[in-house]
Amino acid sequence: MNRYLFGLMVVVTTSLMGSSFAVGKMGLTYFSPLLLVGCRFTLAGLIMAMFVRKRPRPGDLRDWSKIMSVGLFQTAGVMGCIFLSLRTITAGESSILTFTNPLLVIVLGTLFLGAKYRISQWIGVVIGCAGVFITLGVHMQLQTGTLLGMGSAISWAISTLLIKKWGGSFDVWVLTSYQMLFGGLLLLVMSLTMETPKLILGVSAVLILLWLAIMASIVQFASWFFLLKQGDPGKTSAFLFLAPFFGVLSGWLLLGEVIEWFVYVGGSLILIGIFFVNWTFSARTRRKAKVTSS
């Protein structure tokens, strides 16, 4: 693939990831948090399910339960925590906290799956954790949104490990569409039982919902999976560090958010840590490929 086109797609995809935080916060003017994210992923899941209806689907209840488990953590857990966090913290802070998930994958993978990682990857985890401490520790008190932002990262890390364990037995597009659909329906149920639903219909509300469902969900997922197939997954994943940058940038452009200096310092350390984790994996993969070819 042409490297300039690849670079352009990386920027577009990560900007969609990051800007969804600011657009989502704009949507809270018209929707309650769980209702907004529930409508977003139910709509996105239904649209994707129509496109993948001819692809091989799970054949038994056990496989469907695995997809539901992924949807519980990847869509309901991650997105529910993100949108609830936006009530009390900025879109930039929420995006920084959420994208610490690659660091947590290292820790949880070691604890629960017996995965082995290089020293340099653990150095990345230490740097990233220092960034989290600086980002949060300067506050005199932790806000509810801060804890929810951390919860979204933990939930994302769990779903990543589940996909790593089960994903090979499913068509990736079928898994993506149905986990979004199940997670979206679960969020709608949570909206009815855990919050007072708010819905103010209007042109702005509809445009925000469509943007989140189509551009920030379907197009984002499709583009990201395409990039992972085109290049080395480890090297490509390193570009995720751009997403929180776009989260902070879009919060400033769309919402006029002011980010304190310590958030920039902590966020930079988090991004460096994530880069170390992913870039090391990429380099190791290339070395193995050279040994194999020789």
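Residues numbered from 1 in each chain as written. Predicted model: local features only at pLDDT ≥ 70, side-chain atom pairs only at ≥ 80, totals over all residues. Heavy atoms only, no water.

**Looking at the overall build of the protein chain**
Counting its secondary structure elements, the protein chain contains twelve helices and zero strands. In sequence order, the secondary structure elements of the protein chain are arranged as α-α-α-α-α-α-α-α-α-α-α-α. In the protein chain, which comprises 294 residues, the proportion classed as buried is 51%. When contacts within the protein chain are restricted to residue pairs at least 6 apart in sequence, long-range pairs at least 24 apart make up 89% of them. Total accessible area computed for the protein chain in this model is approximately 14500 Å², and 71% of it derives from carbon and sulfur atoms. (Helix = DSSP H or I, 4+ residues; strand = E, 2+ residues; numbered from the N terminus. Buried < 20%, exposed > 50% of the residue type's maximum accessible area, 1.4 Å probe, protein only. Contact = heavy atoms within 4.5 Å. Areas by Shrake-Rupley, 256 points an atom, 1.4 Å probe, with all protein chains shown as cover.)

**Examining the packing of aromatic side chains**
Tallied over the entire structure, the rule returns four aromatic pairs. With a centroid separation of 5.3 Å and an interplanar angle of 65 degrees, the aromatic rings of Phe-245 and Phe-246 are classed as edge-to-face. An aromatic cluster is defined as three or more aromatic residues linked by ring pairs; in this entry it consists of Phe-21, Phe-99 and Trp-156. (Phe/Tyr/Trp six-rings, centres within 6.5 Å; stacked < 30°, edge-to-face > 60°.)

**Some remarks on the nonpolar core**
By size, the foremost hydrophobic cluster in this structure holds 56 residues, and its most contacted members are Leu-36, Ile-82, Phe-83, Phe-99, Tyr-178 and Leu-212. Listed by contribution, the elements that provide at least two residues to this core are α1 (3-27), α2 (33-51), α3 (61-85), α7 (144-166), α8 (172-194), α9 (203-230) and α11 (242-255). Of all the elements, α9 adds the most residues to this core, at eleven residues. Sequence-distant contacts of Leu-212, defined by excluding residues within four places in its chain, comprise Ser-20, Val-23, Gly-24, Leu-36, Arg-40, Phe-83 and Ser-217. (Core = buried A, V, L, I, M, F, W, Y, C linked by side-chain atoms within 4.5 Å.)

**Focus: the confidence of the model for the protein chain**
Here the protein chain shows a mean pLDDT of 85. Residues at 70 or above account for 90%. Averaged pLDDT values for the elements of the protein chain fall to 64 in helix α10 (residues 233-237) and rise to 95 in α2. Confidence over residues 282-286 falls short of pLDDT 50; this stretch has nine contacts with residues more than four positions distant or in other chains. With pLDDT under 50 throughout, residues 288-294 is counted as low confidence; its partners more than four residues away or in other chains account for zero contacts. (pLDDT = per-residue confidence, 0-100.)

**Focus on the packing of α8 against α9**
The description of two helices packed together rests on the angle between their axes and the distance between the axes. Closest axis-to-axis distance for the α8/α9 pair is 12 Å, and the angle between their directions is 150 degrees. Considered as vectors, α8 and α9 are oriented roughly antiparallel to each other. At the point where α8 passes α9, the crossing takes the right-handed sense. Touching Val-172, Trp-173, Thr-176, Gln-179 and Met-180 of α8 are Ser-217, Phe-221, Ala-222, Phe-225 and Lys-229, all from α9. (Axes fitted to C-alpha atoms, helices over the stretch in contact; angles between N-to-C directions. Parallel < 35°, antiparallel > 145°, perpendicular 65-115°, else oblique. Left-handed = near helix turned anticlockwise from the far one by under 90°.)

**Details of the side chain of Thr-14**
By secondary structure assignment, the location of Thr-14 is in helix α1. What makes Thr-14 buried here is its relative accessible area of 0%. Polar contacts involving the side chain of Thr-14 include one to the main-chain carbonyl oxygen of Val-10, which spans 2.7 Å. Side-chain polar atoms of Thr-14 contact the backbone oxygen of Val-11, separated by 3.3 Å. The contacts of Thr-14, once residues within four sequence positions are left out, are Phe-239, Leu-242, Ala-243 and Phe-246. (Polar contact = N/O pair within 3.5 Å; in protein donor to acceptor, adjacent residues only side chain to side chain.)

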